[in-house]
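Summary of the model geometry
The primary structure of each chain is shown beneath.
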Amino acid sequence: MKMGFYFYIVCCFLIFFSKASTTIDTISRSESLTDGKTLVSNGGSFALGFFSPDTSNSNNRYLGIWYHNDPNQTVVWVANRINPINGSTGVLKIESSGKIVLQVQNTTAVWSTNSTVSVEDPVLQLLDSGNLVLRDGNDINPENHLWQSFDYPSDTMLPGMKIGVDLRTSFDRRLSAWKNWDDPSPGDLTYGVELEGSPEMVLMKGLEKYYLTGLWIGSGFSGVRDVRSNPIFDYDFVWNETEIYFTFSLKSKSLMSRVVLNQTESVRKRYTWNPESQTWELFSMRPSDYCDRYGLCGPNGNCDYNKLPVCQCLTGFRPKWPKRWNTSEYSGGCIHIKPLNCQTGDEFITIRRVKSPAITNPWVHKTMNLKECKAECSRNCSCMAYSNLDVTGGDGSGCAMWFGDLVDIKQFQSDSDGMDLYIRVSASETEGKPSDAAYEFLAETGDVPELLRSIHISLLCVQQHPEERPSMSSVVLMLGSHNELPSPKQPGFLFYNKPFEAYPSPDNNESSSRNEISLSTFEAR
């Protein structure tokens, strides 16, 4: 009886040990990975092995990484995208030089890494981030990688991955879509950093720009609605002397989210994992609407999805080809209504809550304030617009200037979206516009409370009854202090059925200013 019990215990131990041994996350130089076997990351999030696309009827096999706990085993990275293996004869191993090689029948190499560093104990490890790394087994720092798959993404961006450019080496990391559902070879839809101008993220179809995010303005991209408050992920755009990249991280380790390119639909989608339904749910998509298409409204046009037609000329501009514009052919864009005259002086008007124009001839300065930015733009007759480079921190900071036509502007409705853009127009276009005067004040000072206080005092000065209006000395005192102001009453320029004299005035012995006006009543014929 005892022997049977011990035998049972030994069998259980062997079964457990055999299962544990199959979930290894590393291979060394003396080991290999063949078709039918997998590496599983330490936390069980990802697996590395050989696969065939679900919809494919061919014998093509690929080495890839997929979500281990996803019933559909969604693939996030493919090694041999261009060179599939026909049949199950693939072998992954580490050569004596430290290079990772994928071979067919241990002979022909169909894929390999470009690592040139040779170490004594190279180890290939699948991390729980989904990153496949080659490292020195004798190095106690696990962050030191000789090579990593995150530097060579396929169609999917995972948390912690950098999509961007190393400025020291010009090394460019960008996503490229699968050609189709059966073929993981690169399609013509790519997503990466646009370096032609001030950096932003760009979705390309071949060599053509298809969608731009707009400038990074501190809190997000100017062309993307604010999603900071979402419960799933945080994101950042790093731009310094050595590198420029976009990245995101999860707010909890229990969450799963990925960004993927879809060649068929020509979109970049973000999915989040629903553990209850065991499915991926769509969180966002770019382009998200008609106005996200690059340059849809032509030069100096503004795309507003809430208007018909969606394309509008910027304030101070008119359609270049009116007949074509009226037939929804917007490629010609818009031109100034009145010619600019830089020598005698132009003005700038404010366009609020917009996506920044595409920058092809950039000038940016990270520490200049908005007043200095305006002065710099005013001195250069080729400067057509300017704005803050960073809108966070109250008054904002930095300076971006645009030269030539303003392309790819999109209008937002919410104050939390987009940015304020100051565009150059003829001085005659700004005459008699109080709103522009207010924007001018803000551009000069950035002092919103002071502007609101001035408006409050102005309303006190135009109250209906002269006795209620403050004296000039009181106005001076109000402007020079921060004392609490009385609430203004009905302004005197509203229209009434009866003359003002019909309304009794309160007794007021204070000195006041009086505007004498004559009123006439009209009777219908």
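As recorded in an unreviewed UniProt entry, the protein goes by S-locus glycoprotein and comes from Hibiscus sabdariffa. Check the Subcellular location (unreviewed entry) section of the UniProt entry for the protein; it says "Membrane".

**Re the overall build of the protein**
Each helix and strand counted, the protein has six helices and 35 strands in total. The buried share among the 525 residues of the protein stands at 45%. Partitioning the intrachain contacts of the protein with sequence separation of at least 6 by distance along the chain shows that 53% fall at a separation of at least 24. As displayed, the protein has an accessible area near 28100 Å², and 52% of this comes from carbon and sulfur atoms.

**Quick notes on the side chain of N388**
Secondary-structure assignment places N388 in the loop between strand 32 (383-387) and strand 33 (399-403). At 3.2 Å, the side chain of N388 and the backbone oxygen of G398 are in polar contact. With sequence-adjacent residues up to four places away left out, N388 is seen in contact with L370, D395, G396, S397, G398 and M419.

**What to know about the side chain of S154**
With respect to the element layout, S154 can be found in the loop between strand 13 (147-148) and strand 14 (156-157). Reaching out from S154, the side chain makes a polar contact with the backbone nitrogen of V78 at a distance of 3.1 Å. Contact partners of S154, with chain neighbours within four places excluded, come to V76, W77, V78, R81, R174, L175 and S176.

**Observations concerning the sheet that holds strand 26 (residues 301-303)**
Ordered in space as 27-26-34, the three strands form an open sheet in which the pairing is mixed. The open sheet is flanked by strand 27 (311-313) and strand 34 (409-410), the only strands paired with a single partner. One ladder, built from three bridges, connects strand 26 with strand 27; its direction is antiparallel. Residue G301 lies in a different strand from strand 27, and its bridge partner there is C313.

**Some words on the pattern of salt bridges**
Evaluation of the coordinates by the stated rule reveals 16 salt bridges. With its nearest N and O atoms 3.0 Å apart, the salt bridge here joins K410 to D292. Here the residue K410 occupies a position in strand 34, and D292 occupies one in the loop between strand 25 (279-286) and strand 26, the gap between them amounting to 118 residues. Across this residue pair, the class does not change: K410 and D292 are buried. Residue D346 pairs with R424 through a salt bridge whose shortest N-O separation is 3.1 Å. A residue pair is termed long-range when its members are at least 10 positions apart, and D346 in strand 30 (residues 346-354) and R424 in strand 35 (residues 419-426) qualify at 78 residues.

**Comments concerning helix 3 (residues 370-379)**
Inspection of helix 3 places L370, C373, K374 and C377 among the buried residues, and these make up the whole buried set. Looking down the long axis of helix 3, one finds its buried residues gathered within 100 degrees of arc, a one-sided arrangement. The N-terminus of helix 3 is capped by N369, whose side-chain oxygen sits 3.1 Å from the backbone nitrogen of K371.

Conventions we followed
- Residues numbered from 1 in each chain as written.
- Predicted model: local features only at pLDDT ≥ 70, side-chain atom pairs only at ≥ 80, totals over all residues.
- Heavy atoms only, no water.
- UniProt positions renumbered as here; feature names shortened; annotations may be inferred.
- Helix = DSSP H or I, 4+ residues; strand = E, 2+ residues; numbered from the N terminus.
- Buried < 20%, exposed > 50% of the residue type's maximum accessible area, 1.4 Å probe, protein only.
- Contact = heavy atoms within 4.5 Å.
- Areas by Shrake-Rupley, 256 points an atom, 1.4 Å probe, with all protein chains shown as cover.
- Polar contact = N/O pair within 3.5 Å; in protein donor to acceptor, adjacent residues only side chain to side chain.
- Pairing = 2+ DSSP bridges.
- Salt bridge = Lys/Arg side-chain N within 4 Å of Asp/Glu carboxyl O.
- Arc of directions from axis to C-beta.

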